[in-house]
Amino acid sequence: MNLDLTDQQRLVRDAAERFFAAECPADVVRAAGRDGFSADLWTKAVAAGFVAMRAPEAAGGADADLLEAVLLCEQAGRRLAPIPLADALPAVRLLGQIGGDVASLQNGPLLLDAIAPPVLGDRHAAALAERDLLSAAWLVGAAQEAVAMAAAYAAQRRQFGKPIGAFQAVAHPLANAATDLDAGRLLVWRAIWAIAARRGDAGASIAMARWWAATAARRAARTALRSFGGYGLSLESDIQLYFTAINRAALIDGDPEAALATVGDRLWAGAATALPETRDPGIDFGFGAAAERFASEARRFFDAELTDELRATAHHSTDGHDPAFHRKLAAAGLAYPDWPRRWGGAERSPYEVSALARVFEEYRWTRVPIGITNMGARMVMQFGSSALQKEVLPGLAEGAALSCLGFSEPDSGSDIYAARTRAVRDGDDWIIDGQKMFTTGAHIADYVLLLARTDPSQPKHRGLTIFFVPLALPGVSIRPVHTLQDERTNISFYDQVRLPDRYRLGPVDGGMTVMAAAMAIEHGGEGYHVLQHSLLDAALRWARTPGEGGAAPIDDRAVRARIARVAAHVELADLLCRRATWATATGQASRATGPMAKLFATESYMADTADLMALAAPASLDPATPALVEIEEKHRQAIGQTIYGGTSEIHRTIIAEQALGLPRSG
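Parameters and conventions
- Residues numbered from 1 in each chain as written.
- Predicted model: local features only at pLDDT ≥ 70, side-chain atom pairs only at ≥ 80, totals over all residues.
- Heavy atoms only, no water.
- Salt bridge = Lys/Arg side-chain N within 4 Å of Asp/Glu carboxyl O.
- Buried < 20%, exposed > 50% of the residue type's maximum accessible area, 1.4 Å probe, protein only.
- Helix = DSSP H or I, 4+ residues; strand = E, 2+ residues; numbered from the N terminus.
- Axes fitted to C-alpha atoms, helices over the stretch in contact; angles between N-to-C directions.
- Parallel < 35°, antiparallel > 145°, perpendicular 65-115°, else oblique.
- Left-handed = near helix turned anticlockwise from the far one by under 90°.
- Contact = heavy atoms within 4.5 Å.
- Nonpolar A, V, L, I, M, F, W, Y, C, P; charged D, E, K, R; others polar.
- Patch = residues over 30% accessible without salt bridge, like charges linked within 9 Å, V, L, I, M, F, W, Y side chains within 5 Å.
- Areas by Shrake-Rupley, 256 points an atom, 1.4 Å probe, with all protein chains shown as cover.
- Pairing = 2+ DSSP bridges.
- Phe/Tyr/Trp six-rings, centres within 6.5 Å; stacked < 30°, edge-to-face > 60°.
- Lys NZ or Arg CZ within 6 Å of the ring centre and 35° of its normal.
- Core = buried A, V, L, I, M, F, W, Y, C linked by side-chain atoms within 4.5 Å.

Some thoughts on the pattern of salt bridges
Working step 1: Per the counting criterion, the structure on display carries 46 salt bridges.
Working step 2: In this structure, Asp14 engages Arg13 in a salt bridge whose closest nitrogen and oxygen atoms are separated by 3.1 Å.
Working step 3: Under the relative-accessibility criterion, Asp14 is labelled partly exposed at 26%.
Working step 4: Where Asp501 meets Arg425, a salt bridge forms, and the shortest distance between an N and an O atom there is 3.8 Å. Linking Asp501 in the loop between β9 (488-500) and β10 (504-505) with Arg425 in strand β4 (residues 422-426), this pair joins segments that are 76 residues apart in sequence.

Brief notes about the packing of helix α7 (residues 122-156) against helix α8 (residues 168-196)
In a packed pair of helices, the relevant descriptors are the angle between the two axes and the axis-to-axis distance.
Working step 1: It is the contact of α7 with α8, at a shortest axis distance of 10 Å, that shows an interaxial angle of 155 degrees. In terms of orientation, α7 and α8 fall into the roughly antiparallel class. α7 and α8 meet at a crossing whose hand is left-handed. Taken together, the residues of α8 that come into contact with α7 (itself represented by Leu133, Ala136, Ala137, Val140, Ala143, Gln144, Val147, Ala150, Ala151 and Ala154) are Val170, Leu174, Ala177, Leu181, Asp182, Gly184, Arg185, Val188, Ala191, Ile192 and Ile195.
Working step 2: Here the residues of the contact of α7 with α8 sort into 17 nonpolar, two polar and two charged.

Here's the deal with a nonpolar patch on the surface
Working step 1: Taken together, Leu484, Ile639 and Ile643 make up a surface patch of nonpolar side chains, about 280 Å² in accessible area.
Working step 2: Structurally, the position occupied by Leu484 is in the loop between β8 (476-482) and β9.
Working step 3: Taking relative accessible area as the criterion, Leu484 reaches 57% and is therefore assigned exposed.

Here we look at the pairing of strand β6 (residues 447-453)
Working step 1: The buried count for β6 comes to seven of seven residues, which makes it a mostly enclosed element.
Working step 2: Burial of the side chains of β6 extends over both faces: Tyr447, Leu449, Leu451 and Arg453 are buried on one face and Val448, Leu450 and Ala452 on the other.
Working step 3: Strand direction decides the pairing type here: strand β3 (residues 403-406) and β6, joined by four bridges, are parallel. In the strand pairing of β6, Ser403 is matched with Tyr447.
Working step 4: With seven bridges connecting them, β6 and strand β7 (residues 464-470) associate as antiparallel partners. The partner of Val448 across the bridge, within β7, is Val469.

Here's the deal with the packing of aromatic side chains
Working step 1: Taken as a whole and judged by the stated rule, the model has 19 aromatic pairs.
Working step 2: Ring geometry for Trp212 versus Phe600: centroids 5.7 Å apart, planes at 90 degrees, classification edge-to-face. One end of the pair, Trp212, is in helix α9 (residues 202-227); the other, Phe600, is in helix α21 (residues 593-615), with 388 residues separating them in the sequence. Phe600 shares its class with Trp212; the two are buried.
Working step 3: With a centroid separation of 5.3 Å and an interplanar angle of 80 degrees, the aromatic rings of Phe302 and Phe360 are classed as edge-to-face. Of this pair, Phe302 sits in helix α12 (residues 289-305) while Phe360 sits in helix α15 (residues 350-362); the two residues are 58 residues apart in sequence, bridging distant segments of the chain.
Working step 4: Members of the aromatic cluster, each reached through a chain of ring pairs, are Phe301, Phe302, Phe325, Phe360, Tyr363 and Trp365.
Working step 5: The lysine or arginine in question, Arg348, covers the ring of Phe294, its NZ or CZ lying 4.0 Å from the ring centre.
Working step 6: Lying over the aromatic face of Tyr528, Lys598 brings its terminal NZ or CZ to 5.6 Å of the ring centre.

Thoughts on unusual backbone geometry
Working step 1: Look at the link from Ala617 to Pro618: it is a cis peptide, with omega at 0 degrees.
Working step 2: Secondary-structure assignment places Pro618 in the loop between α21 and α22 (626-641).
Working step 3: With phi around 55 degrees, Phe160 is a residue other than glycine that occupies positive phi space.
Working step 4: The residue Phe160 is located in the loop between β1 (158-159) and β2 (162-163) in this model.
Working step 5: Classification of Phe160 by relative accessible area gives exposed; the value is 78%.
Working step 6: Despite not being glycine, Asp509 has its phi angle at roughly 65 degrees, a positive value.
Working step 7: In this structure, Asp509 sits in the loop between β10 and α18 (511-522).

What about the nonpolar core?
Working step 1: The biggest cluster of nonpolar side chains holds 227 residues, and the ones touching the most others in it are Phe20, Phe302 and Ile563.
Working step 2: The element best represented in this core is α8, accounting for 17 residues.
Working step 3: Excluding its chain neighbours within four sequence positions, the residues that come into contact with Ile563 are Trp268, Leu536, Ala539, Leu540, Trp542, Ala543 and Leu615.

Here we look at the side chain of Asp182
Working step 1: Counting through the fold element by element, Asp182 comes out in helix α8.
Working step 2: Beyond its immediate sequence surroundings of up to four residues, Asp182 is in contact with Gln144, Leu576, Arg579 and Met596.

Rendered as structure tokens:
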């Protein structure tokens, strides 16, 4: 997998950024008016070689690859450049291919409509598909600049004694917009990758990208404008230029929702489309050969070991845990494959781990016990003494033991640092008193990664210490809490629990350091999308089942469009999670990378389950087929996904602060 641009692509992007920053200030956009065309800027863009960059070298162009053209259009969008680049670039390439005079561009813009479609057939269709991608890139660039302008304003504008960007009502919509637009850029890039590889879903990816860019950019433009309040409505403000230009570019071809029907036709009705030409762009969204081999190994294991009896007990929660099968997973290297070899792992790459997660979901086998055990074990590896590591890690690695998480409390909710559970030093031991809420897996676990307050005199975020507590100790009790999601979590109680100091992780009162490491795992963003793949699978199984009259729901174009929305969300979430995996593997992760993946994946999952419930209603209310049963279960399950691992509000706050530079909320 690779999301780094080549040197040539960076040169194009940087040159375009400098050109439009210098030649297209806001007064050029204003002067262009509603027609949105500047003859002077067009002449300069032609002279700079931008307009003919996609034309063949024999026709006077640079034969640039499609990604370079996308990078150019994105920079043009950031400045609202009033020239029709998205239309002209494929038109000029087409003109050059048929022997036209590229030099005539100095006389004015060339548009695709000026070249007769019947004569050129697939070539014209491919040029139109290219225009869709370039338009999507322009919209992403324009909307990202609008969000950046709004964030800068929100960081400076003060109300009630603080910057308005510190208020969630301002910061969180901007975080949503930033996430949506990052996903949109990745989808455009993914479409180019699919075109270069001549993948069967390339045509659908193009239509997805055009729909999402138009939808997300319009929403972002509204959010950005509102962030300025009444000042944004003034014609003297620049932000209203973005609102107008984005809406015009997004709607010029009609309702963007129509593209979803095209997606559905291309994915499930056999509709084909001509694809634009491009070289290998260098970017790669695949996990690689090693990950594919590992996934194949895992499938062979599941095919051999997952008996009908085990399949009957499978469940998305800890209720699906089978101790014997878990030990087999561990022995096969499928439980904790990325652990260090000294602790029983194989030091598998993040790509291999991500590929494995998808296999677990293909077979509908829960990863919940593995996920929460991994976090506890990782903290022992990083912060535990050598004696503690030798005591607990072998059992965890072999699958003979599990751990769970003891962070949340009944009165603190998501504010885990408001913990009241106390740990008081008593010689070489600690005495722990308190209770923890949502200790999922505690009833099957052997240890709990416990956050306790060791110095109540210090501020809330200090005086905390982390312990790895054996749940078999006297004074520990566990009570079930059953949820709407058809799963069991727990409330756990600690009554005068005497714990030897060797179970302490990190320094006394140094719990924030340990928690930061734990949250880095929880906020990594790698695995939150996998449930969406099985949701789409269930939707398609339902849609392909004939009804009483013999017709299947998927035969209806409107139904295909509804499911296409789900498919687009799956692709967008998958891309953000892939980026998070790549960023981790290459050391390029930011604190916003994982939260963006988690936020988008879980929020779109919740929305899509609700939409599919409505689409299949009333049969979805009392489901009688396996596909509808799965959709209904996921509808109840989806809400919890936006809460566990940090609520969506927490992740929006992180994104606002880390990606947009907004002030801390409070």
